[in-house]
Amino acid sequence: MSIVGVAGGLALAAPAHAQVVESGSVSFSGDPGDYITGGGSYAYSTDDGDQLTTSGSADNSRVSVSISGYNGDWWSVNFDAPGSAALAPGTYEAATRYPFNGAGPGLDLSGNGRGCNELTGTFTVINAVFGPNGYVQTFDATFEQHCEGGTPAARGEVHIANPPPPAQLELELAVATDGIANRVNGNAVLHGTVTCNVPASVTMDGTVTQVVKKVIVRGSFSTHVTCTPGSPTPWTAAAVPGGTTPFAKGLAEAVTEARGYDTEYDEYVRVSDTTTVKLTRS
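Residues numbered from 1 in each chain as written. Predicted model: local features only at pLDDT ≥ 70, side-chain atom pairs only at ≥ 80, totals over all residues. Heavy atoms only, no water.

This brings us to the packing of aromatic side chains. Centre-to-centre distance and the angle between the planes together describe a pair of aromatic rings. Under the defined criterion, the tally for this structure stands at ten aromatic pairs. With a centroid separation of 5.4 Å and 55° between ring planes, the pair formed by Phe79 and Phe139 is classed as tilted. Residue Phe79 is located in strand E6 (residues 74–80), and its partner Phe139 is located in strand E10 (residues 136–147); the two are separated by 60 residues in the primary sequence. With a centroid separation of 6.0 Å and 65° between ring planes, the pair formed by Phe79 and Phe143 is classed as edge-to-face. Placement of the pair is Phe79 in strand E6 and Phe143 in strand E10, with a sequence separation of 64 residues. Judged by its relative accessible area of 4%, Phe143 falls in the buried class. Members of the aromatic cluster, joined through ring pairs, are Phe79, Tyr92, Phe123, Phe139 and Phe143. Lying over the aromatic face of Tyr268, Arg259 brings its terminal NZ or CZ to 5.9 Å of the ring centre. (Phe/Tyr/Trp six-rings, centres within 6.5 Å; stacked < 30°, edge-to-face > 60°. Helix = DSSP H or I, 4+ residues; strand = E, 2+ residues; numbered from the N terminus. Buried < 20%, exposed > 50% of the residue type's maximum accessible area, 1.4 Å probe, protein only. Lys NZ or Arg CZ within 6 Å of the ring centre and 35° of its normal.)

Here we take up the pairing of strand E18 (residues 250–262). Both strand E15 (residues 200–212) and E18 contribute to a ladder of eight bridges, which runs antiparallel. Looking across to E18, one finds that Gly206 is bridged to Thr256. The sheet contact formed by E18 and strand E19 (residues 267–281) spans 13 bridges and is antiparallel. Paired with Ala254 across the two strands is Thr275, which belongs to E19. (Pairing = 2+ DSSP bridges.)

Listed below in structure tokens is the structure:
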């Protein structure tokens, strides 16, 4: 082939950060006169103590591989599909220098203080398996690039193998339909549960609104729990009225947001809920 946040009480995390490659290799060599390689050959592998790091885009249209060689070398190679299309097996022709490739395919091998000002080339994706939020599980590709419109070329290949992606944080928020109007301090006390699929620190923030004798009473609340997978984690919070009128027995509206930090994907996960709560005196 030639290739010229969430509703309903459930939320997923957003894009991932760079990941150290568990198993992989990058090798390339150049013709005499190629500026990037100087006509030499280079090979790096996790088996030899070289560190490879990958990062991808959320739409899987880009893969970047950074090389920190055991000998002190440093390189990077970037593959970018046209537009927002996901990188898929096939040959991408007429590639230009990433990240200045516009709507066409992009490519760039640079490092050790050397890079092309202008670049033309081609690359072939042999295999590409992605997880959520730019996680690169498997990526095999070959490439050829020419600097400044010259004939000499640098040619290479990339092989990346990582374990299946870690689970994304998922949250489910429940707000109980019963609450308390505290006759002593006038607060509205709510309770509920939050459920998670991986351990997470979760904060519940929200507001309670009630009409008491034609007066709108509104108060905010915030509470924090450590959520552990396996069973719903209970939470309780008190909303303090913003004026002089206390919360009273009767119906009130609670708008709640649960926010948890996904350590694997370096992002916050949010889920919201609106519930009518019946407050009783206590």
